[in-house]
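One-letter residues, chain by chain:
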Amino acid sequence: RSITNLVGGMPVRACELMERLAEATSGVAETGLMARGSGMGAVAHRLLQVSVLSQSEVGTLQKLEKRKEYNADALIAGDGLSTHTPPRFLLSGWACRQRVMSDGRRQIFGFLIPGDVVGAPSGPLTSAFASVVALTPVVIVDVPLSEDKQVNSAAVSIYAKLITAAEHETERLLYDHIVRLGRMNGLERMAHLLLELRRRLSRVGLANGQSFPMPLRQESLGDALGMSTVHVNRTMQQLRLKKLIYC
């Protein structure tokens, strides 16, 4: 299913926009960050689902260079880190929003995938209430403000669109998560989460039909679903036996 929008007055499909971005940043393409369904392509997908992109906004996306890499388990936002940071979004890898109790127990509120806003100051779940931690090696890109008024206007517009998408998405996912934890058994929780991840990954070009990458550890799944690692393992085995998943 294709997505059609207007870019610079011309109708452009989402995949064509990602190809333009890849061609404009060939040095990054070699690292795999601009491949279809990852990197700036994932961000482009998210933006195209929210609104039309102007030519200046496309140009700003092409020029984003301030990237920062984090190792797995690294703290990205929250827990005393400054909240006065430039607008940022996840370019590659997976992260999560979480809260850790004094005894070490952890509750994961949701997972972040490529194209998601990281540490949005106006979002419904900010770093003041939860920390953002890398679950795999990740790359984050800033949307820096510039002295060039035209470039700055495009950057602000891109960020505003990402925030709009993030606010609606995060609120809806939180409600789904509450229902999942409060009214579903272990098998239903796991199946519900897997379907949610497939839908989200499909939207940014990271799913291939019914298949999608799953780099999450059983510990992370358990902390998200309120289940022990043993329970997670048994639940996955049940889903396999029922031929509901293949991995």
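One can find the structure itself at the top, above this paragraph.
Quick look at the structure, then.

What counts, and at which threshold
Residue positions are given per chain, counted from 1 along the sequence in the order it is written. Residues qualify for local features only when their pLDDT is at least 70, as the model is predicted, and side-chain atom pairs are given and counted only at 80 or more; totals for whole chains, interfaces and linings, by contrast, use all residues. Remark: hydrogens and water are excluded; side-chain values derive from all non-hydrogen atoms of the structure. Numbering of helices and strands runs from the N terminus; a helix is a DSSP stretch of H or I covering at least four residues, while a strand is a stretch of E covering at least two. Buried means the residue's accessible area, taken with a 1.4 Å probe over protein chains only, is under 20% of the maximum for its type, while exposed means over 50%, and partly exposed covers the values in between. Expected helix span is computed as 1.5 Å times (number of residues minus one). As used here, the arc is the angular range of directions from the helix axis to the C-beta atoms. Any pair of residues with heavy atoms lying within 4.5 Å of one another is described as a contacting pair. For two strands to be treated as a pair, DSSP must find at least two bridges joining them. Angular values range over 0 to 180 degrees, each being the angle between N-to-C directions of two axes fitted as lines to C-alpha atoms, with helices fitted over their stretch in contact. The distinction between a cavity and a pocket rests on a 1 Å grid over the protein atoms alone: a 1.4 Å probe fits inside a cavity but cannot get out, while a pocket stays open yet meets protein on both sides within 12 Å along at least five of seven lines, and a residue with an atom within 4 Å of a point counts as lining. Grid points are joined across faces, edges and corners, and a volume is the space filled by probe spheres set on the points.

As a further point, take unusual backbone geometry. The phi torsion at Asp73 lies on the positive side, around 80°, for a residue other than glycine. Along the chain, the position of Asp73 falls in the loop between β3 (67–70) and β4 (75–77). Overall, Asp73 belongs to the exposed group, its relative accessible area being 54%. The backbone phi angle of Lys243 is positive, close to 55°, even though this residue is not glycine. Along the chain, Lys243 turns up in the segment after α8 (229–241). Accessibility expressed as a relative area gives 61% for Lys243, which makes it exposed.

This next bit is on α8. For α8, with 13 residues, the first-to-last C-alpha span of 18 Å sits near the 18 Å given by 1.5 Å per residue. Taken together, the buried positions of α8 are Val232, Thr235, Met236 and Leu239. Buried residues in α8, looked at end-on, bunch into an arc of 100°, giving them a common side. With respect to the buried face of α8, the exposed residues turned more than 90 degrees away are Arg234 and Leu241. Looking at the packing, one finds that the buried side of α8 touches α6 (186–203) and α7 (218–225). Two residues or fewer past α8, Lys243 is found with a positive phi of approximately 55°.

Take the pairing of strand β5 (residues 88–92) next. Burial analysis of β5 places five of its five residues in the buried class, the great majority of the element. One ladder, built from four bridges, connects β5 with strand β9 (residues 138–142); its direction is antiparallel. The residue bridging Arg88 from the neighbouring strand is Asp142, located in β9.

Our focus in this paragraph is α7. Across the eight residues of α7, six count as buried, placing the element largely inside the fold. Burial in α7 covers these residues: Ser220, Leu221, Gly222, Asp223, Ala224 and Leu225. Where α7 ends, the next residue or the one after it, Gly226, has phi of about 70°, a positive value.

Turning to the sheet that holds strand β6 (residues 95–100), a few remarks are in order. In space, the four strands of this open sheet follow the order β4-β8-β6-β7, with antiparallel pairing throughout. The sheet terminates laterally at β4 and β7 (106–112), the two strands that pair on one side only. Strand after strand, the sheet turns through a mean of 35° between neighbouring axes, direction not considered. Direction of pairing for β6 relative to β7: antiparallel, over a ladder of six bridges. From the neighbouring strand, Cys96 faces β7, where its bridge partner is Phe111.

A complete count under the given rule lists four cavities of 30 Å³ or more for this structure. Taken as a whole, the largest cavity spans an internal volume of roughly 240 Å³. At the level of elements, β7, α5 (149–183), α6 and α7 are the ones that each hand at least two residues to the lining of the largest cavity.

Across the sheet, which stays open at both edges, the three strands sit in the order β3-β9-β5 with antiparallel pairing between neighbours. Unpaired on one side and paired on the other, β3 and β5 mark the two borders of the sheet. Averaged over neighbouring strand pairs, the angle between their axes works out to 30° when direction is ignored.

Purely geometric stuff here, so don't read any function into it on its own.
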